[in-house]
Every structure is written in structure tokens, then in C-alpha cells.
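Structural overview
What follows is the residue order along each chain.
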Amino acid sequence: MNHVNNATSSPLIWWKAATAYQIYPRSFYDSNQDGIGDIAGIIAKLDYLAELGIDLVWICPFYQSPNDDNGYDISDYQAIHPDFGNLDDVDRLISAAHERGIRIIMDLVINHTSDEHPWFIESRQSKTNPKRDWYIWRDGCEATAEKPTLEPNNWESIFHGSAWQYDADTAQYYLHLFSKKQPDLNWQNPDVKQALFAMIHWWLARGIDGFRVDAISHIQKQPGLPSLPNPKRLDHVSSFDYHMNVDGIEQHLYELRDQAFAPFDIVTVGEANGVEAQDALTWVAEATATDKGGIFNMIFQFEHMKLWAEEQSRDQFDLVEFKQILTRWQNALEGKGWNALYLENHDQARSINTFANVNHWYGSATALAACYFLMKGTPFIYQGQEIGMVNHQFTSLAEFNDVSAKNLIIKLQQQGQTDAQILTLLNQVSRDHSRLPMQWNNTPFAGFSEVTPWLAVNPNYSEINVEQQWHDPYSILQFYKQLIALRKNNHSLIVGRYQLLLDNDTNIYAYQRISSDHTWTIITNLSDREVVVDLDSDQLGELVLDNQTPNNEATRTDFTTTHIAPAYAAYVFVKKH
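It should be emphasised that the depicted structure is a prediction, and the values quoted were computed from it without experimental measurement. (Residues numbered from 1 in each chain as written. Predicted model: local features only at pLDDT ≥ 70, side-chain atom pairs only at ≥ 80, totals over all residues. Heavy atoms only, no water.)

What about the overall build of the protein chain?
To keep things clear, this is the line we draw: Runs of E in the DSSP output that reach at least two residues are strands. Runs of H or I that reach at least four are helices, and both are numbered from the N terminus. Partly exposed residues are those whose accessible area sits between 20% and 50% of the maximum for their type, while under 20% is buried and over 50% is exposed, using a 1.4 Å probe and protein chains only. The contact criterion used throughout is that any non-hydrogen atoms of two residues lie within 4.5 Å. For the area figures, the Shrake-Rupley method with a 1.4 Å probe applies, and any residue is considered shielded solely by the protein chains shown.
Summing up its helical and strand segments, the protein chain has 17 helices and 24 strands in all. Across the 577 residues that make up the protein chain, the buried fraction comes to 61%. Within the protein chain, contacts between residues at least 6 apart in sequence are counted, and of these 71% link residues at least 24 apart. For the protein chain, the accessible area works out to roughly 21,800 Å², and carbon and sulfur atoms hold 47% of it.

Okay, here's the thing in C-alpha cells:
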């Protein structure tokens, strides 16, 4: 599967040329009609993914779990939740995917486990239990102005509320950066790491092709676990500064790389919230003859996504800042590391709602696609993104399923916000939007299942679905297929250097991909109005892809003559040297 650079005759690592697709299995396809997506459902849709042009699939957790955080609270790393199937189904999935030239990577959740994991059950039995130190336990302490509770410190959980949970049987608190049912593992304990590495080896021996590593930037905590400054005298203070990419994390990461990953030919993608471009090479530098390089092959960075900023309205999208962030990452890794490109995942609201305008649905979806997909890096598509799925308009707070949303509701109610205000916010930012069932066709429940699904189906499924778009040459799905084929068939779109154009334009995101033999120019109008693009026609070359043909061929503008880009227009040009 290696591609060859004809200019240099050197092989290109397969995952650099790949197009990746993320699956949230609970919502992808229900094969046994119980309302929950499953592993057999993924197998059933592999031909769809192959025809789309997908080379790599990342699947969110399907391990044994109480599902407090929809599978990110794992109670057994080496068992499958019955909702999804069993280990034989996983083996069948790996085999069936490999037959189609698709590699499978799993979610690896090793910052924390479920409180129902046997390790934690042992740990909480007594203060002298051999596994007590596998997790982070502390005594409570006297309240102060800085820390007005009895908890060990004033840290707030990422999922809101305290980051500490009291255990009455042993009269101590345990740390949980996420849900109270997700106690953090103690990475200072060598036995914890060796147990995790053994589990990783076990999965790789089954034929898994690698991992997306969850919340890995949180495994190192500020030594001593001190309280944060608290000038507002809050009960709990946002604690990211003391547990996100904290000094000292590198040693743990190097052990993970050298002992768990290095013995295998795999691809690894770290979820690295808090890592900025200037620090990126510690994480993803390419190995050389004299240097082992970074820890992962690529990372998901979150500067452009503002991860966990659930309490902030997304009304204002600052395109100039967006360009600056992505360009900073492109430049920092040029020739030294590799980007993972994405605009959607299971932790985010839908990209059309976040970055664009649902009233310009087709244009928004395709312009965003062209904008991010052709940058330098491996592009990831989140299920439903390729057909332009959008946020659902929930009508009551009771409809939200996500543990973070439920905790946020309580927090905002305590702050005096009305249910209507909270509903308006969550209808913009909730993670539940991306977790609604995949819309396959216009039959009841969108073809996801024949029975009522675990989470509501967006009512727009009759207009937005795979079957309808598969047969429409001007659909969002077909635009994604063209983007995938364009990148796959043009080596210069994989290796070419990124260069930003029109840095300070508040409407246009334009950039080039420059290789020894081609210059590609990608122009997207990410505004809801017609604008003039200040670029010289001579530098553009041939127009090879645009989103201006559906439904308006008669009024289509000649962009190379007028330089007028309609709202949410996208153009891809190539010029041979």
C-alpha cells in the first residue's frame, strides 16, 4: 500500500497517503435490530467505505463498559460490550476490512478506566490494597478561601463539578478528570504502565493496525496536586493548567512509544488537547537515523476546535484566527512531522453549524471539505460529515444523553440560567449532535435500524441521507468522493508544501500546495456573501474541482475572469511547472 514518489523514487508511508474515517459504533449501523449500532453493522458497511475511497477506519470504543460516558469508561479492555458483539466479531471485522484494503485502528483509553474495572474495584477495597496506588487517592483537607470545600484540591472536572469523588468505605477521595465513574490511572506507578502495555500488545497480536490514543495529554498531573488560584472563590476551578501537557509527561510517553508501540508496524494518533504547534515535534517528529522522533505518527490538536469550550456560544467564527492556527501547525510540521486533519469528531457539534451556515447547506459542507481536506496531512472524515449531517434541534433538556451535557445543565442551572438559555447553548455545542444515528436512507429511523434507536434520529433524514446522495452527481457525498480521488491520484497533494494566501482576508481561506512539479491553489469563501478574491489569474492554472455546478449551471460565474466567489464557494486549481 506504499505510494511511490516518482520524483524521488522513495516510498511514501501508507498512512500519509490514506484517507481516514471515524466510526461511532453505537450510531453507525444496527445489524440486529436492537436500536444500537454494532460491529456486524460496521462489517455490513465496509463496501460503502471502500467505494468511498477510505483506507483507514478509526472506531470509537466497543469494549466492555457501564456506558456512563458511552464506552470511554472501560471495565474490561479485553472484552467487548454485548451491545456491539464479541471478540469473534472483531476478528471478522479486521479480516473483512483487510480484504478490502482498509486498516482498522481502535480507540485506546488509558488515562482512566471505569470505576467498575477490576483494577479499581480492588483499589478501593482498602488503603493497603496492592492496587491502591494504581489510581490517585488523597485525604480530604480543611477548607480555605482558595479551596472552600473539604476535597484534596479545588480542581474542576472536565465534565463539570468536582474532579474528586469521596469513598466512604476508605474515607478518601479519588481523582477523576472526566466523569466520577472514570477514575484516573496513576501513571507514576510502573505496574500500571506495564499492565497497559501488555493489553496493547494483546490487541496488536489480534491484527489491529494501530490506535487513536484518547486523552493522552492528561496522564501527567502537576506534582503535589496543588489547588489553582481562585480569585472568584469558586467551589471548583478549571484545572487544565495542572493536568494538560504538564512538564514531565514526556517520560511516560517515551515509555509508551518504546515499549508498547515500537515493536509493531502500526499507525498511532494521539488525542493531544493542550499541545501547541511550537511543542508539536516532541509528539510527532519523524524518526531519523539518529533520533527516534516523536511519540505518535500524528496527533489531533484542538486549537482550532476549542475542545471542551461547551459554555461558550459559537456564534462568532473568526476566520483569520482559524487560518493562523492551522497555518501555524502546517508550518511547524513541514518536513519534520505529520498533521491529522479534521473538522468533526464525536466530541464536537457538526462542522456546518460550528464553522459555516446551515442556510447555505450544500455550499457550507463542500467549501469546508475542500478547505481542510487538501491541506498537508492525513484527512479524517467523521461519519455523516460526508453527507452534510447537521445539528439536531433538541426541544427539551431531558433529551440530552451525554454525561457532560447533563453535568453542564446542572452547573448552569445552579448559576441561575433558565432552561431555555441552556437549551439554546446545547443546541449549538452539545456532543450529542454528532452522535445521532447515521442517516443511510429515507426509510423510518433513517435506515440505521428498524426499531427506535438509542438516540433520536434527526428528522431531516428524508432529505439528507447516503442513498439519495450516492445517486446524485452533484451531492455532498459525491464531492467528498471527488476530493478523495483527487488526493489519491495526485502525489503532489500529499507531499506538497502548504503556503497560505490572503492571510488577513476575513472571508476567504486560500492556500497553495507546492511540489516540484505542481502548484495547487485551493480557494474557499467561508462567508455567506459574495466576495471578490484578490488573486492573479495567471497563478491559478486549470480549474479541476469546484462546488458551483449543482442547480445553478446557467448562472455559474467564470471565476477566473471575474474573481467573484459566491457565498461558500470552493475552487481547486492546478498548475504544472
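Additional details are given in the paragraphs that follow.
Describing the side chain of Arg-350
What counts is decided by this rule: The definition of a polar contact used here is a pair of N or O atoms within 3.5 Å, where within protein one atom must be able to donate a hydrogen and the other to accept one, and adjacent residues in sequence count solely through side-chain atom pairs.
Of note, Arg-350 is situated in the loop between β16 (340–341) and α10 (351–355). On the accessibility criterion, Arg-350 (1% relative accessible area) is buried. A polar atom in the side chain of Arg-350 sits 2.6 Å from the side chain of Glu-344. In contact with Arg-350, not counting residues within four places along its chain, are Glu-344, Tyr-382, Gln-383, Gly-384, Gln-385, Met-389, Val-390, Asn-391, His-433 and Ser-434.

Examining the side chain of Asp-167
By the element assignment, Asp-167 lies in strand β10 (residues 164–167). Within the local environment of Asp-167, its side chain forms a polar contact with the side chain of Thr-170, the two groups lying 2.7 Å apart. Other than its neighbours up to four places away in sequence, Asp-167 contacts Arg-124, Trp-137 and Gln-172.

Description of the nonpolar core
We apply this condition: In this text, buried Ala, Val, Leu, Ile, Met, Phe, Trp, Tyr and Cys residues form a nonpolar core when linked through side-chain atoms within 4.5 Å. These domain limits were set by an automatic method or by a database of domain assignments.
Ranked by internal contacts, the top residues of the largest apolar core, which has 142 residues, are Phe-296 and Tyr-509. If one sorts the elements of this core by residue count, helix α11 (residues 361–373) sits on top with 9 residues. The residue makeup of this core includes at least three contributed by each of domain 1 (14–113 + 190–394 + 431–471) and domain 3 (498–576). With residues up to four places along the chain from it excluded, the contact list for Phe-296 reads Val-213, Ile-216, Leu-253, Leu-256, Phe-261, Thr-268, Val-269, Gly-270, Trp-283 and Val-284. Listed in part, the 16 residues of the second largest apolar core include Ile-136, Tyr-173, Ala-215 and Val-237.

Side note on the domain arrangement of the protein chain
The cut-off we apply is this: The term buried area denotes the loss of accessible surface (1.4 Å probe radius) that occurs when two parts are joined, taken as the sum for both partners. Asp, Glu, Lys and Arg are counted as charged, while Ala, Val, Leu, Ile, Met, Phe, Trp, Tyr, Cys and Pro are counted as nonpolar; the rest, among them Gly, fall into the polar class.
What the domain assignment reports for the protein chain is domain 1 (14–113 + 190–394 + 431–471), domain 2 (395–429) and domain 3 (498–576). Computed over C-alpha atoms, the centres of domain 1 and domain 3 are 30 Å apart. Taken together, the contacts link 23 residues of domain 1 with 24 residues of domain 3. Together, the buried faces of domain 1 and domain 3 total about 1,900 Å²; carbon and sulfur atoms form 67% of this surface. If you sort the residues of domain 1 by the area they bury against domain 3, Leu-319, Lys-323 and Leu-374 come out on top, with a joint share of 28%. Counting residues per element, the ones that place at least two in the side of domain 1 that touches domain 3 are α9 (319–333) and α11. For the side of domain 1 that touches domain 3, the per-class residue count stands at 12 nonpolar, 8 polar and 3 charged.

So, helix α4 (residues 87–99)
Here is the rule we go by: Here the expected length of a helix is defined as 1.5 Å per residue gap, with one fewer gap than residues.
Compared with an ideal rise of 1.5 Å per residue, which puts 13 residues at 18 Å, α4 spans 19 Å between its outermost C-alpha atoms and is within 8% of the ideal. Those residues of α4 that sit buried are Asp-89, Val-90, Leu-93, Ile-94, Ala-96 and Ala-97. Summarising the contacts, the buried residues of α4 are in contact with α2 (39–44), α3 (46–52), β4 (56–59), β6 (76–80), β7 (103–109) and α6 (190–205). A side-chain oxygen of the first residue of α4 lies 3.0 Å from the backbone nitrogen of Asp-88; this N-cap is Asn-86. Where α4 terminates, the next one or two residues include Gly-101, which has phi positive at roughly 75°.

Some words on the packing of aromatic side chains
Aromatic ring pairs are reported here in terms of the distance separating the ring centres and the angle at which the planes meet. Where we set the bar: In summary, the pairing rule links any two rings of Phe, Tyr or Trp, Trp by its six-membered ring, whose centres are within 6.5 Å, and it sorts them by plane angle into stacked for under 30 degrees, edge-to-face for over 60 and tilted for everything else. A ring is considered to have a charge above it if a Lys NZ or an Arg CZ atom is located within 6 Å of its centre and within 35 degrees of its normal.
Per the counting criterion, the structure on display carries 39 aromatic pairs. Pairing Phe-62 with Tyr-63 gives two aromatic rings, centres 6.1 Å apart and planes at 40°, and the pair type is tilted. In this structure, Phe-62 and Tyr-63 share a single accessibility class: buried. Members of the aromatic cluster, connected to one another through ring pairs, are Phe-62, Tyr-63, Tyr-77, Trp-119, Trp-134, Trp-202 and Trp-203. In this arrangement the basic side chain of Lys-45 is found over the ring face of Tyr-29, its NZ or CZ atom lying 4.5 Å from the centre.

A closer look at the packing of helix α12 (residues 403–414) against helix α13 (residues 419–429)
The test is simple: The axes used here are C-alpha line fits, helices contributing only the stretch in contact, and every angle between their N-to-C directions lies in the interval 0 to 180 degrees. Handedness of a crossing follows from how the near helix is turned relative to the far one, being left-handed for an anticlockwise turn of less than a right angle and right-handed for a clockwise one.
Packing of α12 against α13 leaves a shortest axis separation of 10 Å and a crossing angle of 145°. Handedness of the α12/α13 crossing: right-handed. Every residue of α13 that contacts α12 at Ala-405, Leu-408, Ile-409, Leu-412 and Gln-413 is listed here: Asp-419, Ile-422, Leu-425 and Leu-426. Per-class residue counts for the contact of α12 with α13 are 7 nonpolar, 1 polar and 1 charged.

Observations concerning helix α15 (residues 476–489)
Taking 1.5 Å as the rise per residue, α15 with 14 residues should run 20 Å; its terminal C-alpha atoms sit 20 Å apart, in good agreement. Among all positions in α15, only Ile-476, Leu-477, Gln-478, Phe-479, Tyr-480, Leu-483, Ile-484, Leu-486 and Arg-487 are buried.

Brief notes about the sheet that holds strand β20 (residues 518–525)
To keep things clear, this is the line we draw: One requirement defines pairing of two strands: DSSP has to find at least two bridges between them.
As summarised here, the arrangement of the 5 strands in space is β18-β19-β20-β24-β22, forming an open sheet in which the pairing is antiparallel. Pairing within the sheet leaves two strands with one partner each, and these edge strands are β18 (497–501) and β22 (542–546). Each neighbouring strand pair of the sheet contributes to a mean axis angle of 20°, computed without reference to strand direction. Running at roughly 15° to strand β19 (residues 508–514), α9 makes contact with β18 and β19 of the sheet. Against the sheet, α11 makes contact with β19, β20 and β24 (570–576), and its axis sits at roughly 145° relative to β20, the strand it touches most.

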